[in-house]
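Remarks on the overall topology
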Amino acid sequence: MLRLLAYTVLAAVLYYGGTTAVSWRRNVKKAQQSGLPYILVPVFFLHPLWLAGHVFLLPLFSRLPRSWMTWIEYCIPDFGYAHRMDAFERVGADTFLTVAPSGLVMYTCDADVINQVVQRRNDFPKPSPIYRALKIYGGNVVSAEGNVWRQHRKAVSPPFTEKNNHLVWQETIDQSLAMLSSWVGRDGKGDKTIDRVADDTMRLSLHVISRAGFGRKLEWPEDNTDVQVDKDYVDPSKIQNDMAGADEGHSMSYAYAIHCLLDNILFQLLFPRWLLRTVPLKAFRKANEAYSEWGNYMREAVEKKRTDLDVGKEVKESSESMDILAGLVKSQTKADKQAHLEDSEILGNMFVLILAGHETAANSIHFSMLYLALHRQSQLRLQKDVDDIFNGKPPSEWDYDRDLPQLFGSMVGAVLNEELRLVSPVVAIPKSTWGAPDAPLTVDGKTVTVPAETYIGLVVAASHRNPKLWPISPPTYPGGKPVHPRSNLDNDLEEFRPERWIVTEEESRSNKDARQQKKENMAARAGGDLNIDETSDTSERLYKPSKGAYAPFSDGHRSCIGRRFAQVEILVALAIIFQNYSVELAVDSYATDEEVAKMDDNAKADVWQKAAEDVREKMLNNMAAVITLQMRKGTVPIRLVPRGQEKFPPNVDQIWKTNHPEKCTTKGRPDWRPWDGKQMYHGA
Ligand code: HEM
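Residues numbered from 1 in each chain as written. Predicted model: local features only at pLDDT ≥ 70, side-chain atom pairs only at ≥ 80, totals over all residues. Heavy atoms only, no water.

**So, the site of the ligand**
Worth spelling out the cut-off: Nearness is judged by heavy atoms alone; a residue qualifies as near a molecule or strand once a single heavy atom is within 4 Å of it. The definition of a polar contact used here is a pair of N or O atoms within 3.5 Å, where within protein one atom must be able to donate a hydrogen and the other to accept one, and adjacent residues in sequence count solely through side-chain atom pairs. The numbering of helices and of strands both runs from the N terminus, where a helix is a DSSP run of H or I of at least 4 residues and a strand a run of E of at least 2. Each residue is assigned to one class: nonpolar for Ala, Val, Leu, Ile, Met, Phe, Trp, Tyr, Cys and Pro, charged for Asp, Glu, Lys and Arg, and polar for all the others, Gly among them. Residue ranges for the domains originate in an automatic or database domain assignment.
Within the structure, the ligand sits among 29 residues, and Y131, W149, R153, R558 and C560 are positioned closest to it. A distance of 3.4 Å separates an oxygen atom of the ligand from a polar atom in the side chain of K126. Here R153 contributes a side-chain N or O atom positioned 2.8 Å from an oxygen atom of the ligand. Secondary structure elements with two or more residues in the shell around the ligand: α5 (146-156), α13 (343-374), β5 (428-432) and α19 (563-580). A total of five residues in the shell around the ligand trace back to one element, the largest contributor, which is α13. Of the residues in the shell around the ligand, the class split is 20 nonpolar, six polar and three charged. Here the shell around the ligand spans two domains, since at least three of its residues come from each of domain 2 (152-165 + 197-357) and domain 3 (166-196 + 359-422 + 470-543 + 563-684).

Rendered as structure tokens:
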């Protein structure tokens, strides 16, 4: 009996080993025929077992000799943020394949390749099976492909109008003022340590999309300490888990339901509904409750909107008819049946809009604030531009049509662009040749073939830092050392330098001409009915990267629908925060307020540098993407102080570097780069 079992196991191992070897060989052959450089990796990064287990295996693998593990980075989802240009430099190519037994992946940080891929939607479709889990409420524009995607896009994009952007503008003003007031207190004095910036910007963004997206106004809680938090569930420190205020017939408030849903999104995406419903685990039960509650809120919202709009009749333009939900509901009455959505699809789209639209914008506001706290000189320049644009006017007098273009083309726009260059929420935009034939592609002027069934990662985290694509300057090494230990050690592309986006008048004029041309070409190709706005990735008054080099919102037909929405929200929130306040790092862990008050600039630079080092470390090592890239471990405390009352001098980093030349480790490459000078790839 035992022998039979042993034979069975042996046979299974041999069978698995044999089939693995055969399919690996087959994939290697495809890679060889493709003309692309390739590296061999033992696992396909999307293999479900690897996805589930790699976090546990990585610490074990890190104990093995480095020379055995040269492949490991390329199998980690979103390696692009952790390894950036270094990952490509090691391979020695900006576009290459990884070849595993169960799949091929093409990674690229080449602008021309990115541009070809995003423009040829039919040749390089989205790998829609990986988005299957996003259909928890129904089909939607993010997870669909082909004609079904076209139908969703036709229905979902029309509500993203300038009128809707006005709503975003107004709601962001209201919510940002409320957030700011919760930070600086009713007396406006500020200077209190705030450790919940990530949470609060998330709340801000959720409130904006709830209002401008679904017509649901959410009030900022009067006092965050009073909220009735569910301490038994998820992270009790998260103030947004506020249970108070459930509507009639609901067990959760609207805000709590959506937070509960999003905070535990992995439960929703990984486990089937019946399991969440039946397994008697508290976390499962709550996840399921949040799913039902938010779904019910949304169903009610659809019904109410239908009644409000009195479907079928002309409605006058009011803010109720300008939100996105109004647009989705109206799509059901249009003559164009190709833009018609079922009720479940309206819900499906509302879910992905809230998902795609809230973390992304929130993170941008959060990280822009952190970068500006680290770079006070840039902050000063931003404040000067805010002063020039608004001339001291309070936000109640700001005007979308007059002020938005100014903000967009100012240092505020430059900060937004630079933040998205460095911390793109989508680290590698997924494309593929799944379900499509082999696709020709021009790489460095040579025609190669992307084999059918290849997953493609457009690694914007690397293309945004590729020295072949961007003007570079010498590094300044904030804190006296490179921002990343291996990537771009000899230039400034790892550094936050929004000034790189500011251009001369003449460059700005030529940007304008080029953009007009692009808009016309795009409109002609898109057939005009998908509302694909290619004109305003960055303001024409700012630096214009080459095509494909800068794509935080992706590009082409499947580019972000909410780009303008997000840009408006982020620009306004930053303008409100910085109009009257400066953001400084909180140094409480290193000195008390009294101690800081007695310090001279040199001593202040020493404590500031410790806090700054902590932030830089977190922004390098504590970041991970579940849906979007976020700081997953720890928080960064900051302080808002009225302008003019800053404690630290604007050139604080420079003072520290001048005082501590011995601590500045800025020269040369680390000698532990064993791969330097060796060609890692095969083929090509
Ligand atoms: C800083 C903010 C944002 C960034 C960087 C961003 C980035 C992106 C990227 C890279 C994609 C393409 C993803 C892919 O192909 O897999 C995308 C798609 C999308 N985004 Fe955004 N996004 C942002 C904000 C928003 C907002 C505010 C909304 C809605 C309110 C939104 C809605 C969407 C939708 C619906 C799609 C799918 C479009 C399609 O497949 O046709 N995004 N976004």
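Having seen the model, we can carry on.
**A short note on the UniProt feature "transmembrane region" (unreviewed entry) in the chain**
Put simply, the rule is: UniProt positions are given in the numbering used here, feature names are shortened, and annotations may be inferred rather than shown by experiment.
Annotation from UniProt places "transmembrane region" (unreviewed entry) at residues 39-61. Here residues 39-61 is 61% helix and 9% strand, with 19 Å between the C-alpha atoms at its ends.

**Regarding the sheet that holds strand β9 (residues 581-585)**
Test applied: At least two DSSP bridges between two strands are needed for those strands to be called paired. Only heavy atoms matter for contacts: two residues are in contact if any of them lie within 4.5 Å across the pair. To define axes, lines are fitted to C-alpha atoms, for helices over the stretch in contact only, and angles between the resulting N-to-C directions are given on a 0 to 180 degree scale.
Ordered in space as β4-β12-β9, the three strands form an open sheet in which the pairing is antiparallel. Both outer strands of the open sheet, β4 (193-194) and β9, are each paired with one neighbouring strand and no more. Sheet analysis places β9 next to strand β12 (residues 638-642), joined by five bridges and oriented antiparallel. Considered in β12, the bridge of L585 is made with I638. The sheet contacts of α19 involve β9 and β12, and relative to β9 the element is tilted by about 90°.

**Considerations on the UniProt feature "binding site: heme" (unreviewed entry) in the chain**
Short version of the rule: Throughout this description, buried means an accessible area under 20% of the type-specific maximum (1.4 Å probe, protein chains only), exposed means over 50%, and partly exposed covers the range between.
The positions that UniProt labels "binding site: heme" (unreviewed entry) are, in the present scheme, C560. With respect to the helices, strands and loops of the structure, C560 is situated in the loop between α18 (505-526) and α19. Here C560 falls in the partly exposed class, since its relative accessible area comes to 35%.

**Comments concerning the packing of helix α6 (residues 162-184) against α19**
This is how the line gets drawn: The sense of a crossing depends on the near helix, which, turned anticlockwise from the far helix by less than a right angle, makes the crossing left-handed and, turned clockwise, makes it right-handed.
Orientation of α6 relative to α19, taken along the N-to-C sense of each, is 35°, at an axis distance of 8 Å. You can see that α6 and α19 cross each other, and the crossing is right-handed. Each of E162, N164, N165, V168, W169, T172, I173, S176, L177, M179, L180 and W183 in α6 lies in contact with α19, whose residues at this interface are R564, F565, V568, E569, V572, A573, I576 and I577. For the contact of α6 with α19, a count of residues per class yields 13 nonpolar, four polar and three charged.

**Observations concerning the pairing of strand β6 (residues 439-443)**
Residues A439, L441 and V443 point to one face of β6 and are all buried, whereas P440 and T442, pointing to the other face, are not buried. In the sheet, β6 pairs with strand β7 (residues 446-450) via five bridges, with the strands oriented antiparallel. Each bridged residue has a counterpart across the sheet, and for A439 the counterpart in β7 is V450. Taking the residues that link successive antiparallel strands as the turn, the β6-β7 hairpin has two residues, and the phi of D444 there is positive, at about 50°.

**Some remarks on the pattern of salt bridges**
We count it as follows: What makes a salt bridge here is a side-chain nitrogen of Lys or Arg within 4 Å of a carboxyl oxygen of Asp or Glu, nothing more.
Inspection of every chain in the model, using the stated rule, returns 32 salt bridges. D614 is paired through a salt bridge with K618; the nearest N and O atoms lie 3.3 Å apart. You can see D614 and its partner K618 sitting in helix α21 (residues 601-621), four residues apart, about one turn around the helix. The buried category is assigned to K618, whose relative accessible area is 13%. One salt-bridge network, in which partners are shared between bridges, spans D191, D588, D593, R639 and K647.

**Things to note about the nonpolar core**
Defined as follows: In plain words, nonpolar cores are sets of buried Ala, Val, Leu, Ile, Met, Phe, Trp, Tyr and Cys residues tied together by side-chain atoms within 4.5 Å.
Of all hydrophobic cores here, the largest spans 138 residues; its most connected members are W183, W294, M350, F351, M369 and L640. In terms of residue count, the dominant contributor to this core is α13 (17 residues). In contact with W294, other than residues within four places in its own chain, are Y137, Y254, A257, I258, L261, M350, F351 and I354. I39, M69, A87 and C109 belong to the second-largest nonpolar core, a separate cluster that totals 26 residues.

**Structural notes on the environment of L269**
Along the polypeptide, L269 turns up in helix α9 (residues 265-270). In this structure, the C-alpha to C-alpha distance between L269 and A133, residues 136 residues apart in sequence, is 4.9 Å. Those residues in contact with L269 that sit more than four places away from it in its chain are A133, L134 and I627.

**Here's the deal with the sheet that holds strand β3 (residues 103-108)**
One open sheet accounts for five strands, arranged β1-β2-β3-β8-β5; its pairing is mixed. Each having just a single partner strand, β1 (38-40) and β5 make up the two edges of the open sheet. Between one strand axis and the next, the sheet turns through 25° on average, direction left out of account. Here five bridges tie β5 to strand β8 (residues 454-459), and the two strands are oriented antiparallel to one another. Across the sheet, the residue bridging to K431 is I456, located in β8. Against the sheet, helix α1 (residues 2-34) touches β1, β2 (95-100) and β3, its axis set at about 165° to β2.

**A short note on unusual backbone geometry**
For D444, which is not a glycine, the phi torsion comes out positive at approximately 50°. With respect to the helices and strands, the residue D444 is situated in the loop between β6 and β7. A positive phi angle, near 60°, is found at S554, a position not held by glycine. Along the polypeptide, S554 turns up in the loop between α18 and α19.

**Section: empty space enclosed by the protein**
Test applied: Residues are said to line a cavity or pocket when one of their atoms sits within 4 Å of a point; the points come from a 1 Å grid over protein atoms alone, cavities being sets where a 1.4 Å probe fits but cannot get out and pockets being open sets with protein on both sides within 12 Å along at least five of seven lines. Grid points are joined across faces, edges and corners, and a volume is the space filled by probe spheres set on the points.
Under the criterion given, the structure shown has four cavities of 30 Å³ or more. As a volume, the largest cavity reaches approximately 190 Å³. Broken down by secondary-structure element, the contributors of at least two residues to the lining of the largest cavity are α3 (79-91), α13 and α21. A per-element tally of the lining of the largest cavity places α21 first, with three residues. Considering only residue class, the lining of the largest cavity consists of nine nonpolar, one polar and five charged. Every residue along the wall of the second largest cavity is listed here: E584, L585, A586, V587, D588, A591, D593, V596, R639, K647 and F648. For the lining of the second largest cavity, the elements supplying multiple residues, two or more each, are β9 and α20 (593-598).

**Notes on the packing of aromatic side chains**
We count it as follows: Pairing of aromatic rings covers Phe, Tyr and the six-membered ring of Trp, with a centre-to-centre limit of 6.5 Å; geometry is then stacked below 30 degrees between planes, edge-to-face above 60, and tilted otherwise. Cation placement over rings: the criterion is NZ of Lys or CZ of Arg within 6 Å of the ring centroid and within 35° of the ring normal.
Tallied over the full model, the rule gives 28 aromatic pairs. Judged by centre distance (5.5 Å) and plane angle (65°), the rings of Y137 and W294 are edge-to-face. Remark: W294 occurs in helix α11 (residues 282-309) and Y137 occurs in the loop between α4 (111-119) and α5; sequence separation between them is 157 residues. Joined through ring pairs, the aromatic side chains of Y74, F79, F88, F96 and Y107 make up one cluster. The residue whose ring lies beneath K126 is Y131, and the NZ or CZ to ring-centre distance is 4.6 Å. Taking the ring centre of W470 as reference, the NZ or CZ of R421 above it sits at 5.7 Å.

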